[in-house]
Structure formats: structure tokens, C-alpha cells
Amino acid sequence: MQSFDDRKNASETKFVHDAAKEFKAEARRNKKLGHWAAELLGVDPEKYALSVIAADMEEAGDDDVFRKLRADLDAANVELSDQALREQMALCLNAAREEVYGED
């Protein structure tokens, strides 16, 4: 029985650790997206990155970040397709994951 409990505890610990890493990667992705979009918008990158990070707290998933970026880019008349924006989001997430998971 001890072996089962040990495996269960190890599994739960790994799950928590992986979830924390993914949260950190998503936050880092949002910062990268904020800096990228700030360049297109001509605004302060640090302030804008914080606003993107905050937007991600509205709901689960990426749609809240996408909506914020889409609305801000549209308001600034920056021409960028939804597909290109989603591709940039994916690129930033991949880069953030490489950084976060490489920190071990």
C-alpha cells in the first residue's frame, strides 16, 4: 500500500509542478505578446505588456488575450489577420515554454 501512496503523491506533485510551469509560460507568452504588439502600436512596451497579462485573467483560455490584442490593433488601424495574430500567439507561447521548461 505504501508504494501506491508514494506513486499517487509523486503523480500529484508532478501535476502541480507542470501546472505551475504552464501558468508561468502563459504569463511569459503574454509579456512577449505585449512587447510585440506595443511595437506595432507605438506604445510603451512594459505598460502594454502588463495590460495584456491582466487581460488574461478575465476568463480561462486564450480568447480574452486575443480579443484585447485584436481590439487594440484594430483601434490603431494595424492591419493584421486573425490567423497571423493567432500564429504570433503560438510562436510566443512556444518560445516561452522553451524558456520556462529550460530553466530546470
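Residues numbered from 1 in each chain as written. Predicted model: local features only at pLDDT ≥ 70, side-chain atom pairs only at ≥ 80, totals over all residues. Heavy atoms only, no water.

Asker: So what's going on with the overall build of the protein? Which residues, and what values?
Answerer: Each helix and strand counted, the protein has four helices and zero strands in total. For the protein, the N- to C-terminal ordering of α and β elements is α-α-α-α. Taken against the 2.2 N^0.38 rule, which gives 13 Å for 104 residues, the C-alpha radius of gyration of the protein at 17 Å runs more than 25% over that of a compact globule. Taking the principal axes of the C-alpha coordinates as reference, the protein spans close to 65 × 25 × 25 Å. Counting only residues that meet the buried cut, the protein has 28% of its 104 residues in that class. Here the protein has roughly 6,800 Å² of accessible surface; of this, 55% comes from carbon and sulfur atoms. Here the protein carries 15 positive and 24 negative side-chain charges, and the mean point of each set is 3 Å from the other. (Helix = DSSP H or I, 4+ residues; strand = E, 2+ residues; numbered from the N terminus. Rg over C-alpha atoms; globule rule 2.2 N^0.38 Å. Buried < 20%, exposed > 50% of the residue type's maximum accessible area, 1.4 Å probe, protein only. Areas by Shrake-Rupley, 256 points an atom, 1.4 Å probe, with all protein chains shown as cover. Lys, Arg positive; Asp, Glu negative; His and termini not counted. Charge placed at Lys NZ, Arg CZ, Asp CG, Glu CD.)

Asker: Now, about the pattern of salt bridges: what can you tell me, with residues and values included?
Answerer: Scanning the entire structure with this criterion turns up nine salt bridges. In this structure, the salt-bridge partner of arginine 97 is glutamate 22, at a minimum N-O distance of 2.5 Å. Of this pair, arginine 97 sits in helix 4 (residues 82-101) while glutamate 22 is found in helix 1 (residues 2-41), placing the two residues 75 residues apart along the sequence. Among the salt bridges present, the one from arginine 67 reaches glutamate 59, with a minimum N-O distance of 3.0 Å. Assessed through its relative accessible area of 43%, arginine 67 is described here as partly exposed. Of the residues examined, glutamate 59 reaches a relative accessible area of 35% and is grouped as partly exposed. Several salt bridges converge on common partners, so that one network encompasses Arg28, Lys32 and Glu99. (Salt bridge = Lys/Arg side-chain N within 4 Å of Asp/Glu carboxyl O.)

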